[in-house]
Amino acid sequence: ELFFAPPVVDWAAAIRAKGTPKPPATGDDLLYRGPLAIDVSFPADDASVAMCAAACAEAAAMWDGWMATTPPLPAGMKVTSTYAYDTKMRAQMFGVLVGFYTALFGDQGRSLAAADAGPLDEAYVGGAS
């Protein structure tokens, strides 16, 4: 079962509806946004922080639930191909994110990009790199 099922898509739409939309994504940003991307602004107040924290917790709980109930990929080529793709995407994402985060957070941007993109080398799970 796909993670992007109607209840999850509806959840993301409901969060988006609570905020003010930002300008549409362009360039590389379009390559990395999934169907659940939420890019809106909220007022700088405690209620917005609480709502965003709750949304993050809900998103994590949905992902964890999906991961716990979805059967693993069959061994062999599908798994190796998935890790090969993921490794290349993470490296590409890191390259974009490091510029984005460095512009916002200076020298800490590189560390934030590494945390956001995830491990860059998945060779330990099948020689994908």
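Refer to the structure above for everything that follows.
I will try to describe carefully the structure that is included in this document. These numbers come from a predicted model, not from an experiment.

Definitions and cut-offs
Residues numbered from 1 in each chain as written. Predicted model: local features only at pLDDT ≥ 70, side-chain atom pairs only at ≥ 80, totals over all residues. Heavy atoms only, no water. Axes fitted to C-alpha atoms, helices over the stretch in contact; angles between N-to-C directions. Helix = DSSP H or I, 4+ residues; strand = E, 2+ residues; numbered from the N terminus. Parallel < 35°, antiparallel > 145°, perpendicular 65-115°, else oblique. Contact = heavy atoms within 4.5 Å. Nonpolar A, V, L, I, M, F, W, Y, C, P; charged D, E, K, R; others polar. Buried < 20%, exposed > 50% of the residue type's maximum accessible area, 1.4 Å probe, protein only. Arc of directions from axis to C-beta.

1. Thoughts on the packing of helix H1 (residues 6–17) against helix H3 (residues 46–69)
Close contact between H1 and H3 brings their axes to 12 Å; oriented N to C, the two are set at 170°. Between H1 and H3, the crossing angle belongs to the class labelled roughly antiparallel. The segment H1 lies against H3, with Val 8, Trp 11 and Ile 15 engaging Met 51, Ala 55, Glu 58, Ala 59 and Met 62. Partitioned by chemical class, the residues of the contact of H1 with H3 number seven nonpolar, no polar and one charged.

2. A word on helix H5 (residues 109–117)
Where H5 is concerned, the buried positions are Gly 109, Ala 113 and Ala 117. With its buried residues spanning 60° around the axis, H5 presents them on a single face. Pointing more than 90 degrees away from the buried face of H5 are the exposed residues Ser 111 and Ala 115. Note on H5: the residue one or two positions beyond its end, Gly 118, has a positive phi of about 90°.

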